[in-house]
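Now for the letters of each chain:
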2 protein chains.
Amino acid sequence: MNKPFSKSQITEPTLLLNQKICLENIGRMAEKASKNGLIFRPHFKTHQSHQIGKWFRLAGVKKITVSSLKMAEYFAEAGWKDITVAFPVNILEIERIQRLAAAIQLNLLAESLDTINYLEKNLRSSVNLFLKIDIGYQRTGIHPDKKEKIQNLLNRIDTCTYLQFAGFIGHAGHSYKARSKQEIADIHTSSTDVLKELKKEYQGKFPGMIISTGDTPTCSVMDNFSGIDEIRPGNFVFYDLTQHAIGSCRLNDIAVAMACPIVAKHADRNELIVYGGGVHFSKEKLTIPTDNQTLNGVVVHLNKTGWEFTNGGENYVSKLSQEHGTLKVDQQVFDRYEVGDLIGVLPVHSCMTANLMKSYRTLEGELIARL
Amino acid sequence: MNKPFSKSQITEPTLLLNQKICLENIGRMAEKASKNGLIFRPHFKTHQSHQIGKWFRLAGVKKITVSSLKMAEYFAEAGWKDITVAFPVNILEIERIQRLAAAIQLNLLAESLDTINYLEKNLRSSVNLFLKIDIGYQRTGIHPDKKEKIQNLLNRIDTCTYLQFAGFIGHAGHSYKARSKQEIADIHTSSTDVLKELKKEYQGKFPGMIISTGDTPTCSVMDNFSGIDEIRPGNFVFYDLTQHAIGSCRLNDIAVAMACPIVAKHADRNELIVYGGGVHFSKEKLTIPTDNQTLNGVVVHLNKTGWEFTNGGENYVSKLSQEHGTLKVDQQVFDRYEVGDLIGVLPVHSCMTANLMKSYRTLEGELIARL
């Protein structure tokens, strides 16, 4: 932690990680969960790293969320013993499920009778089963109005040997469309009300059941979690420009930035061409509503201790192809850089960028691997 | 090649490769190049695979294009001896350049005096250098009107020990916006005219120089390449829905499809939820202008010999999140599938999907690795 940030060994697009900011993000969310008496089960799909997992362990985390069985295997190998796979069970991976169920406390999500029957028939170890409820996102999950379906599934689970009903789980992914605190608050209320209603109805019969929710926007912005048992935010570990646009974080809370070599300059249109394209950033875009500008990243200056923001001006990634990035910059930024320099870019969606980059370089120079 | 396609071992999102279609795509383009007396230097950034590289070798290909020095290293290891890195030189990777230049015929692209000076100072082996010209795409390259700059760079290259002037190179990436044969033809004419003019001006002084162009749309659709020396298409090896929308290929020429497990069904909105999201497909979208519909893939049925198209109806990927895909389907398709079945999806952009998937599964069951 004492070695100053050295850019001299960076020769190709590299995902920088500011460990201090990352630890602060983890600490802040862990504290909020603790204050509110919530089970904090962070989603590890954003970082997918054993090393970063250890930082969560230091913050007291013992239960985690992942989005695939492969990810569950990866973290089980690192000693995690209580893992929720927050994705409707893929029955084709029954062998992985059997192995994991025998080794750890595995928590799965179902939303159909077929899946429940298949699991019960094929499991030989106990699994906690959540019913996945559509709490407004309309991606997947059982609509809460389908009372009869919910009742039927619970009746069936109740007869199972290997399935224990864990509770109701939802993901308010529609919070990503919010652009104000009020919008986030409204989604928080409406989505958690759905789960609270279900809990009221069924906790008599299943006293151990919980309700689990918690995307990064609502968990970052809200303070009142009464009635909720568990939260599962993930992206907050790094944050990104999308979360900033939603209002979940300050720009200073973003813990990752790409370092990209400049390979060409175009003075006639104030553009810098960098080595860093869709295969590094992903092609996720963000539209800034104030000026209807669409961007793939925001330019920052790399310095000895990490990165700093440009002074005013609009400096952003205007286009990405497979390996090329086009940076629209003001005159001051344009003049500051030469071909062969490194320049920084904050990503639009850190989950997707980290997934493509496959490793992190801390500002102390450490290389952190991931799945 | 005799084992029938078996889906039984596929349990997670898998990129299927129809080798027969792929070989036909390679053969057709190789034949077109040969008929027109062109150097055929295919771009390998789409497949990035030693094995698929061998199929090109069988079609007589000896020279290739890549988009990064890492890719050049990967293919040099497999015995490729003449490689063009079609990306403005990243001088930070000088050590890779030195190693490659010592081992193979390396062809690089420059567009600034700084880069040329840096290369000359740091190279100890000979390299062929192209000047990168902006032939209308406006991403990077020297604008052809900058006669004085071009002349100055050529004067400088002429004094270099390690740099040989190879010619002028361009990429008509704006052909991807074309949606008719006429639009492609217009771009083909205007972009190649730029290079032909330059050749006329400089071939007296540099008799060995060539002009190199050739994106997949123009190379697929055009028949007249007179005056051009070399083509470098890449995507045609697989094609995809974008190329189909441009008019570069038939749907039957698309050589890759994703196989995705179905994990949930939503009868009230005719949606299937699959395991297969942005980390598998990439989030590339395609807008079909006829009905202003935006999609992330087209649904196909997997069968014993590969895949087949659905009977009419609009069956497409309407949304992707990190691991989930939402398929909008008609009643016939909806009723045909159960949770736990595999369904096929043609990708919007095969380069990006293949980059994420990292391997191919042929219909004969062979696993093909890539960089």
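Described in the following lines is the structure provided in the data block. (Residues numbered from 1 in each chain as written. Chains lettered and ligands numbered in written order. Predicted model: local features only at pLDDT ≥ 70, side-chain atom pairs only at ≥ 80, totals over all residues. Heavy atoms only, no water.)

## Quick look at the pairing of strand E4 (residues 82-88) of chain B
All names here are of chain B. Burial analysis of E4 places 7 of its 7 residues in the buried class, which makes it a mostly covered element. Note: strand E3 (residues 64-66) against E4, 3 bridges, orientation parallel. Bridging from a neighbouring strand, Ile64 pairs with Ile83 of E4. After leaving E3, the chain enters helix H3 (residues 69-77) and then returns to the sheet as E4, a path that is right-handed. Sheet analysis places E4 next to strand E5 (residues 105-110), joined by 4 bridges and oriented parallel. Bridging across to E5, Thr84 finds its partner in Asn107. (Buried < 20%, exposed > 50% of the residue type's maximum accessible area, 1.4 Å probe, protein only. Helix = DSSP H or I, 4+ residues; strand = E, 2+ residues; numbered from the N terminus. Pairing = 2+ DSSP bridges. Right-handed = clockwise from strand over helix to strand, strands pointing away.)

## Side note on the interface of chain B and chain A
Taken together, the contacts link 55 residues of chain B with 55 residues of chain A. Summing both partners gives a buried area of about 4,500 Å² for chain B against chain A, and 54% of it is carried by carbon and sulfur. Viewed at the interface, chain A and chain B are joined by 4 salt bridges. As a salt-bridge pair, Glu284 of chain B and Lys283 of chain A come within 2.9 Å of each other at their nearest N and O atoms. Between chain B and chain A we count 22 residue pairs in polar contact (both at pLDDT 80 or more) in total. Among the secondary structure elements, those contributing two or more residues to the side of chain B that touches chain A are H3, E4, helix H5 (113-122), strand E10 (256-266), strand E11 (271-275), helix H10 (278-281), strand E17 (324-328) and helix H12 (350-357) of chain B. The residue makeup of the side of chain B that touches chain A, split by class, is 20 nonpolar, 18 polar and 17 charged. (Contact = heavy atoms within 4.5 Å. Buried area = accessible area lost by both parts, 1.4 Å probe. Salt bridge = Lys/Arg side-chain N within 4 Å of Asp/Glu carboxyl O. Polar contact = N/O pair within 3.5 Å; in protein donor to acceptor, adjacent residues only side chain to side chain. Nonpolar A, V, L, I, M, F, W, Y, C, P; charged D, E, K, R; others polar.)

## Thoughts on the pattern of salt bridges
Tallied over the full model, the rule gives 36 salt bridges over all chains. Between Arg28 of chain B and Asp253 of chain B there is a salt bridge, with its nearest N and O atoms 3.6 Å apart. Taken together, the residues span a long stretch of sequence, with Arg28 of chain B in helix H1 (residues 19-35) and Asp253 of chain B in the loop between helix H9 (241-246) and E10 at a distance of 225 residues. For Arg28 of chain B, a relative accessible area of 37% translates into the label partly exposed. Using a relative accessible area of 5% as the deciding quantity, one classes Asp253 of chain B as buried. Residues participating in the shared-partner salt-bridge network are Glu12 of chain A together with Glu73, Glu93, Arg96 and Arg99 of chain B.

## With respect to the packing of H5 of chain B against helix H6 (residues 147-158) of chain B
All names here are of chain B. Axis separation between H5 and H6 bottoms out at 10 Å; the angle between their running directions is 5°. In terms of their interaxial angle, H5 and H6 are classed as roughly parallel. Between H5, through Leu113, Ile116, Asn117 and Glu120, and H6, the contact on the second element is made entirely by Leu153, Arg156 and Ile157. In the contact of H5 with H6, the residues fall into 4 nonpolar, 1 polar and 2 charged. (Axes fitted to C-alpha atoms, helices over the stretch in contact; angles between N-to-C directions. Parallel < 35°, antiparallel > 145°, perpendicular 65-115°, else oblique.)

## Regarding the packing of aromatic side chains
Counted under the stated rule, the structure contains 22 aromatic pairs over all chains. Plain terms: the ring middles of Tyr74 of chain A and Phe75 of chain A are 4.9 Å apart, the flat faces sit at 80° to each other, and that makes the pair edge-to-face. Judged by centre distance (6.1 Å) and plane angle (85°), the rings of Phe56 of chain B and Phe236 of chain B are edge-to-face. With a gap of 180 residues between them, Phe56 of chain B in helix H2 (residues 50-58) and Phe236 of chain B in the loop between strand E9 (230-231) and H9 connect regions that are remote in the sequence. Across this residue pair, the class does not change: Phe56 of chain B and Phe236 of chain B are buried. An aromatic cluster of three or more residues is present, and its members are Phe40, Phe44, Phe56, Tyr74, Phe75, Trp80 and Phe236 of chain A. (Phe/Tyr/Trp six-rings, centres within 6.5 Å; stacked < 30°, edge-to-face > 60°.)

## Notes on the sheet that holds strand E7 (residues 163-169) of chain A
The strand order E2-E9-E8-E7-E6-E5-E4-E3 (chain A) describes an open sheet built from 8 strands, whose pairing is parallel. The open sheet has two free edges, formed respectively by strand E2 (39-40) and strand E3 (64-66) of chain A, since each of these has just one partner strand.

## Considering the relation of the copies chain B and chain A
Between the two chain copies there is a screw-like relation: a rotation about an axis and a shift along it. It takes a turn of 180° to lay chain B on chain A, together with a shift of 0.0 Å along the axis; the resulting RMSD is 0.0 Å. The superposition operator between the copies reduces to a two-fold rotation axis. In this assembly, 100% of the residues forming the interface of chain B have copies in chain A that are likewise at the interface, indicating an isologous arrangement. (Least-squares fit on C-alpha atoms with pLDDT ≥ 70 in both.)

## As for helix H2 (residues 50-58) of chain A
What sets the pattern is the α-helix's 3.6 residues per turn: residues three or four places apart point alike. Residues and elements named next belong to chain A. Among the residues making up H2, those that are buried are Ile52, Gly53, Trp55 and Phe56. The buried residues of H2 all sit within an arc of 150° when viewed along its axis, so they share a single face. More than 90 degrees from the buried face of H2, the exposed residues found are Lys54 and Leu58. Against strand E1 (14-17), helix H1 (19-35), E2, strand E19 (359-362) and strand E20 (367-369) lie the buried residues of H2. Measuring from the side-chain oxygen of the N-cap residue of H2 to the backbone nitrogen of Gln51 gives 3.2 Å; that N-cap residue is Ser49. Gly60 sits one or two positions beyond H2 and adopts a positive phi of about 95°. (Arc of directions from axis to C-beta.)

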